Amino acid sequence: MKNTSRAYLKEMYNARAYYLMLLLPVVLLVIYKYIPIYGVTMAFKDFNIFKGINGSEWVGLKYFKQLFSLRKFYQVFGNTLAISFLKLIFQFPIPIMLAILLNEMRSKFFKKMVQTVTYIPHFISWVIISGMFIELLSPSTGVVNQIITMLGGQPIHFMTDLFYFRPILVLSHIWKESGYDAIIYLAAIAGVDQALYEAAHVDGASWFKQIWHVTLPGIRSTIIVMLLLRLGNILEVGHEQILMMYSPAVYDSGDVISTYIYRVGLGNMKYSLTAAAGLFKSLIGCTLLLVSNKLAKMIGEEGII
């Protein structure tokens, strides 16, 4: 045991430069991720801003009971699930398809141009993007409604319509993030053994069959990992996007747990109630991650835990 410890310490000393490089990220992780976990105790206390967390009185599950008795909470929880699953169903496959199409392009110039055009939206803030969509979909000056009017239709108030608001959220998110997410799949495709493509070509496999039987199985593990991460964050629907785009007119279909916490917590100063809602959201996400990781292992994948 003593020899093992010495060998381990010697190995650490030889790799001291790497450990020093790792030190700063670990310190930042502890400061910004682990220390704030103590704040979840607010969910079990009658938090008073003047007394602080330590000085506030313990009330047990009072605010969880209060949370689950609110009819509004079930509405925002349903909205969160609906928007999350819409994004999962329609957005998750897009980066995979985009990466495959980019990989099949033979013109390097055109490939780089498409990559640049699809990556750029990721670096634009939701403040600007929301302004763009509001302007494009404006019932009076928006390009989309002008086209509808030219075709003989009536202007549509897209941003205040309960039916159209969710599709707008999904489409804008696809446009912003798909190009950037495709980078991961492009890297995975680059790691697929080229000999498999050559063998498939010799066997007479078409372009589509090569993708189906070589490319997709080759990046299956990456797809599974990305899906697990997405399921773990299923209740993180992008509150910044929704805050920038929604209004009281679409609260019934667009108000989600994150925006509800923001409005109630900061607007009405109900910190303990919103802490309970945030903890509930985290527990649901953790449970989904563990279950989906278990299912991934059952089908032969490594998972992430």
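Here the residue numbering is sequential within each chain, running from 1 through the sequence in written order. For a predicted model such as this one, the threshold for reporting local features is a pLDDT of at least 70, and the threshold for listing and counting side-chain atom pairs is 80 or more; totals across whole chains, interfaces and linings nevertheless cover every residue. Hydrogen atoms and water are omitted, and side-chain values are computed over all heavy atoms in the structure.

Right, let's get into the environment of M226. Working definition: helices are DSSP H or I runs of at least four residues, strands are E runs of at least two. Numbering for both runs from the N terminus. Structurally, M226 is set in helix 13 (residues 220–232). Residues M226 and Y185, spaced 41 residues apart in sequence, show a C-alpha to C-alpha distance of 9.6 Å.

Take the nonpolar core next. Put simply, buried Ala, Val, Leu, Ile, Met, Phe, Trp, Tyr and Cys residues joined by side-chain atoms within 4.5 Å make one nonpolar core. Residue exposure (1.4 Å probe, protein chains only): buried if accessible area is under 20% of the type maximum, exposed if over 50%, otherwise partly exposed. Membership of the largest hydrophobic core comes to 43 residues, with the highest contact counts inside it found for F92, I96, Y185 and I219. Broken down by element, this core gets its largest block of residues, 6 residues, from helix 17 (residues 271–298). Residues I83, M245, V250 and V256 belong to the second largest nonpolar core, which totals 16 residues.

Here the distance between the centres and the angle between the planes together describe a pair of aromatic rings. A pair of aromatic rings is counted whenever rings of Phe, Tyr or Trp (Trp by its six-membered ring) have centres within 6.5 Å, and the orientation is called stacked for planes under 30 degrees apart, edge-to-face for over 60 and tilted otherwise. Counted by the stated rule, this structure contains 14 aromatic pairs. When the ring of F68 is compared with that of F280, the centres are 5.4 Å apart and the planes differ by 75°; the resulting orientation is edge-to-face. Within this pair, whereas F68 is found in helix 4 (residues 62–68), its partner F280 is found in helix 17, the two being separated by 212 residues in sequence. By relative accessible area, F68 is classed as partly exposed at 35%. A relative accessible area of 16% means that F280 is categorised as buried. With centroids separated by 5.9 Å and ring planes inclined at 75°, the aromatic side chains of F73 and Y74 adopt a geometry described as edge-to-face. Taken together, the ring pairs in this structure connect F68, F73, Y74, F77 and F280 into an aromatic cluster.

The term salt bridge refers to a side-chain nitrogen of Lys or Arg lying within 4 Å of a carboxyl oxygen of Asp or Glu. If you walk through the whole model with that rule in mind, you get 4 salt bridges. The residue R106 makes a salt bridge to E104 at a minimum N-O spacing of 3.7 Å.

It is worth spelling out the environment of M105 at this point. Examined against the element boundaries, M105 turns out to sit in the loop between helix 6 (93–104) and helix 7 (108–119). Counting along the chain gives 153 residues from M105 to S258, while the straight-line C-alpha distance between them is 40 Å. Whether two residues are in contact is decided by their heavy atoms: any pair within 4.5 Å suffices. When near neighbours in sequence (up to four residues on either side) are disregarded, M105 contacts F110, K111 and V114.

Moving on to the layout of surface pockets. Method remark: on a 1 Å grid restricted to protein atoms, a set of points is classed as a cavity if a 1.4 Å probe fits but cannot get out and as a pocket if it is open with protein on both sides within 12 Å along at least five of seven lines; lining residues have an atom within 4 Å of a point. Grid points are joined across faces, edges and corners, and a volume is the space filled by probe spheres set on the points. What the largest pocket holds in volume is close to 400 Å³. Lining the largest pocket are 15 residues, and of these Q91, H173, R230, N233 and E236 sit closest to its centre. Of all the secondary-structure elements, those providing two or more residues to the lining of the largest pocket are helix 5 (71–91), helix 10 (162–190) and helix 13. The element contributing the most residues to the lining of the largest pocket is helix 5, with 4 residues. Taken together, the residues of the lining of the largest pocket sort by class into 5 nonpolar, 5 polar and 5 charged. Amino acids are sorted into nonpolar (Ala, Val, Leu, Ile, Met, Phe, Trp, Tyr, Cys and Pro), charged (Asp, Glu, Lys and Arg) and polar (every other residue, Gly among them).

Since one α-helical turn is 3.6 residues long, residues separated by three or four positions face the same way. Here helix 7 is 12 residues long and its end C-alpha atoms lie 16 Å apart, about the 16 Å a rise of 1.5 Å per residue gives. Close packing links the buried residues of helix 7 with helix 6 and helix 10. By definition here, a helix of n residues has an expected span of 1.5 Å times n minus one.

By the definition in use, this model includes 1 cavity of 30 Å³ or more. Each pocket or cavity is described by its volume, and for the largest cavity that value is around 30 Å³. Taken together, F92, P95, D181, Y185, M226 and R230 form the lining of the largest cavity. Breaking the lining of the largest cavity down by element, the ones donating at least two residues are helix 10 and helix 13. The residue makeup of the lining of the largest cavity, split by class, is 4 nonpolar, no polar and 2 charged.

Relative to the helices and strands, T80 is located in helix 5. Two N or O atoms count as a polar contact when they lie within 3.5 Å, although within protein this holds only if one can serve as hydrogen donor and the other as acceptor, and sequence-adjacent residues are included solely when both atoms are side-chain atoms. Looking at T80, its side chain comes within polar contact range of the main-chain oxygen of V76, at 2.7 Å. Here T80 is in contact with L235, V237, V256 and I257, once residues within four sequence places are set aside.

Mapped onto the elements, S253 comes out in helix 15 (residues 251–254). For S253, a relative accessible area of 7% gives the class buried. Within the local environment of S253, its side chain forms a polar contact with the backbone oxygen of L162, the two atoms lying 3.4 Å apart. Once you skip the residues sitting within four places of it in the chain, S253 turns out to touch N79, I83, L162, F165 and R166.

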